[in-house]
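# Summary of structural features
The residues making up each chain are set out below.
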Amino acid sequence: MARVDARRDAGLATTRVRQATAFALAAMTLTLAACDAGAPGTAAAAGTGAGVAASATPVAASAVQVAAHEAGQSRAQVYESVRQMTALGKQLFFDASLSGSGKLACASCHSPDHGFSPANALSVQLGGSDMHRTGMRAAPTLKYLQSVPAFAEHYHESDDEGDESVDAGPTGGLTWDGRVDRGGDQARIPLLSSFEMGSTPAKVTAAVKAAPYADAFRAAFGAHIFDSDDATFKAVLQALETFEQTPETFYPYTSKYDAYLAGKAQLTQAELRGLQLFNDEKKGNCASCHISQRTLDGAPPQFSDFGLIAIGVPRNRALSVNRDPRFYDLGACGPERTDLKGRAEFCGIFRTPTLRNVALKKSFFHNGIYHSLDQVVRFYAERDTNPEKFYPVTKGKVRKFDDLPQQYWANLNTDPPFDRKPGDKPALDEAEIKDVVAFLNTLTDGYKAGSGAADSVAAK
Ligand code: HEC
Ligand code: HEC
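Here is a short report on the structure shown in this document. In this text the structure is predicted, and so the values were computed from the model without any measurement. (Residues numbered from 1 in each chain as written. Chains lettered and ligands numbered in written order. Predicted model: local features only at pLDDT ≥ 70, side-chain atom pairs only at ≥ 80, totals over all residues.)

This part covers the overall build of the chain. Across its full length, the chain holds 14 helices and ten strands. Taking all 460 residues of the chain together, the buried fraction comes to 50%. Across the chain, every contact between residues at least 6 apart in sequence was considered, and the portion connecting residues at least 24 apart equals 70%. (Helix = DSSP H or I, 4+ residues; strand = E, 2+ residues; numbered from the N terminus. Buried ≥ 20, exposed ≤ 12 C-beta atoms within 10 Å, placed from the backbone. Contact = placed C-beta atoms within 7 Å.)

The structure is reproduced here in structure tokens:
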């Protein structure tokens, strides 16, 4: 089942297909599980419950939990502090008063009704003190991040997941360029960014002190927490991180595809054809990066191997940063990420996103250039056979890969469907593109059995 697909083109022998080594979570969950050997195992906690859907045991794990555990608290006390932290994190997530403008909450860009991606179709969201500033990236979903491994330049999957000896290349980390590993460190970015929430630790503290949940905050973090802006800010980050690890909210595994894998739903003919095209190495080959099968130990697929990959997404000329022709968002080599600056092999690579709940999104790719799944799948199918459909044409010449300076083109992926040239047949025809989109629509959480179509085919 594990597909090995060596990637020599980028000078980084990368092998796709590796699974979930939960970022931050796994180690802490282990610590917690050690509290009580009789507890539901680490598998369920990391979202790898073999029972797949709703039954996943809600064992949230976080720094809080570990700290509490290490402080000698009982299992019940640990769970209580996670419960408090989760409730606070949720309130903070929806609280616009944390922002400089007073108008922007985490939820403004990460809408729960849209898989925690934006409710609107803007390529990039508005923020800053006047709510007119923009960044350079589309807001991603916050679901299914529990399995993103910490960033590694050379990733080796564990032996029970695949071949440990193979270097899968740069992998993991949060945000499109993998620049932070923990939810708390991530939350710091939008809170302080001048084009997002534009706040400061002092403003955040003042807001929390004045909030209806101020007493609950004191109860969770200690009576004197508000004495220090830095301590309050850190506590806010911790609560947000804990909230983001609520299994039933952030990784419920309740899509139609999960029900299908569990033998509890049937896919329509179109969805089934789409799945086959998605998996077929000579057609979509999507599953080589967006894993669609369970892991060897039965964990549900995350629809990403979390690899950082360059696929040559066109420049989004609607973004204000791109008015400067010398500006490029090069992903892992900068400018947002700074530790890999000047390392040419990291230029143009972005983390492969999960495709779970992708049908709820309205802007796609790191720069939000496309606004329908049809456009995205067509890009994969025809990028190399009909580049004029995607890139600017000047004086009859197509300027392919116009958002990546030529010195980095060696980093571009050239596996199917990106192995063609003009005149070749696209990897997917019109009908097949539609089928793949139909399949992508089965990845949305909240599927209710019985809403399937008549022309269904049972899972094998
Ligand atoms: C103005 C819109 C906006 C707001 C407000 C916002 N975010 Fe984000 N969020 C983004 C964008 C854009 C990214 C991608 C950033 C990047 O790649 O550099 C992102 C990325 C993330 C990620 C990483 C997702 C991944 O796939 O790795 C997390 C987690 C996250 N945000 C949580 C939060 C939290 C918590 C808050 C509130 C404190 C918040 N966001 C507020 C726009 C926003
Ligand atoms: C070589 C690895 C690879 C393959 C193969 C691949 N993808 Fe992707 N996919 C990525 C990466 C990396 C991104 C993010 C690229 C970016 O934004 O620069 C992405 C982004 C996407 C997105 C946008 C998601 C979002 O949240 O914006 C969709 C949809 C998608 N892929 C679907 C597919 C489909 C369908 C196929 C097969 C036809 C496919 N992918 C094949 C790596 C891959």
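The next thing to look at is the site of ligand 2. The full set close to ligand 2 counts 27 residues, and Gly284, Cys286, Cys289, Phe365 and His366 are the nearest of them. When residues of the shell around ligand 2 are assigned to their parent elements, the largest contribution, four residues, is made by helix α13 (residues 373–382). Taken together, the residues that form the shell around ligand 2 break down as 18 nonpolar, seven polar and two charged. (Near = placed C-beta within 6 Å. Nonpolar A, V, L, I, M, F, W, Y, C, P; charged D, E, K, R; others polar.)

What follows deals with the site of ligand 1. In the region of ligand 1, 26 residues are neighbours, and Cys106, Cys109, Thr175, Trp176 and Pro190 sit closest. Listing elements by their share of the shell around ligand 1, those giving two or more residues are α5 (106–109) and α6 (183–192). With five residues, α6 is the single largest residue contributor to the shell around ligand 1.

This brings us to the nonpolar core. Counting residues in hydrophobic clusters, the biggest one holds 85 residues, and the most contacted among them are Val236, Ala239, Leu240, Val377 and Val436. When residues of this core are assigned to their parent elements, the largest contribution, seven residues, is made by helix α9 (residues 229–243). Composition of this core by domain shows at least three residues from each of domain 1 (23–143 + 182–250) and domain 2 (256–457). If we ignore the near neighbours within four places in the chain, the residues touching Val377 are Leu428, Ile433, Val436 and Val437. Of all hydrophobic cores here, the second largest spans ten residues; its members include Leu145, Val148, Tyr251 and Tyr253. (Core = buried A, V, L, I, M, F, W, Y, C linked by C-beta atoms within 7 Å. Domains from an automatic or database assignment.)

Glancing now at α13. Along α13, seven of the ten residues are buried, which leaves the element largely enclosed by surrounding structure. If you follow the buried residues of α13, they end up packed against α14 (430–440).

Turning our attention to unusual backbone geometry. The peptide bond linking Gly334 to Pro335 adopts the cis configuration, its omega dihedral lying at 10 degrees. Summarising the element assignment, Pro335 is placed in the loop between β6 (308–309) and β7 (350–351). Its identity is not glycine, yet Phe116 carries a phi of approximately 60 degrees, on the positive side. Tracing the chain through its elements places Phe116 in the loop between α5 and β3 (126–127). Since 24 C-beta atoms lie within 10 Å of it, Phe116 is described here as buried. Look at Phe306: it is not a glycine, yet its phi comes out positive at around 65 degrees. Positionally, Phe306 belongs in the loop between α12 (269–279) and β6. When the 29 C-beta atoms within 10 Å are taken as the criterion, Phe306 is described as buried.

With that settled, consider the packing of helix α4 (residues 75–93) against α9. Interaxial distance between α4 and α9 falls to 7 Å at its minimum, and their mutual angle equals 100 degrees. The pairing of α4 with α9 is recorded here as roughly perpendicular in orientation. From α4, Val82, Met85, Thr86, Leu88, Gly89, Lys90, Leu92 and Phe93 reach across to α9, where they touch Val236, Gln238, Ala239, Leu240, Thr242 and Phe243. Of the residues belonging to the contact of α4 with α9, the class tally is nine nonpolar, four polar and one charged. (Axes fitted to C-alpha atoms, helices over the stretch in contact; angles between N-to-C directions. Parallel < 35°, antiparallel > 145°, perpendicular 65-115°, else oblique.)

This part takes up the packing of α12 against α14. Two measures define how a pair of helices packs: the angle their axes make with one another and the distance between the axes. Across the interface, α12 lies against α14 with an axial gap of 7 Å and an inter-helix angle of 100 degrees. For the element pair α12 / α14, the angle class is roughly perpendicular. Taken together, the residues of α14 that come into contact with α12 (itself represented by Ala270, Glu271, Arg273, Gly274, Leu275, Leu277 and Phe278) are Glu432, Asp435, Val436, Ala438 and Phe439. Each residue belonging to the contact of α12 with α14 can be placed in one class, and the counts come to seven nonpolar, one polar and four charged.

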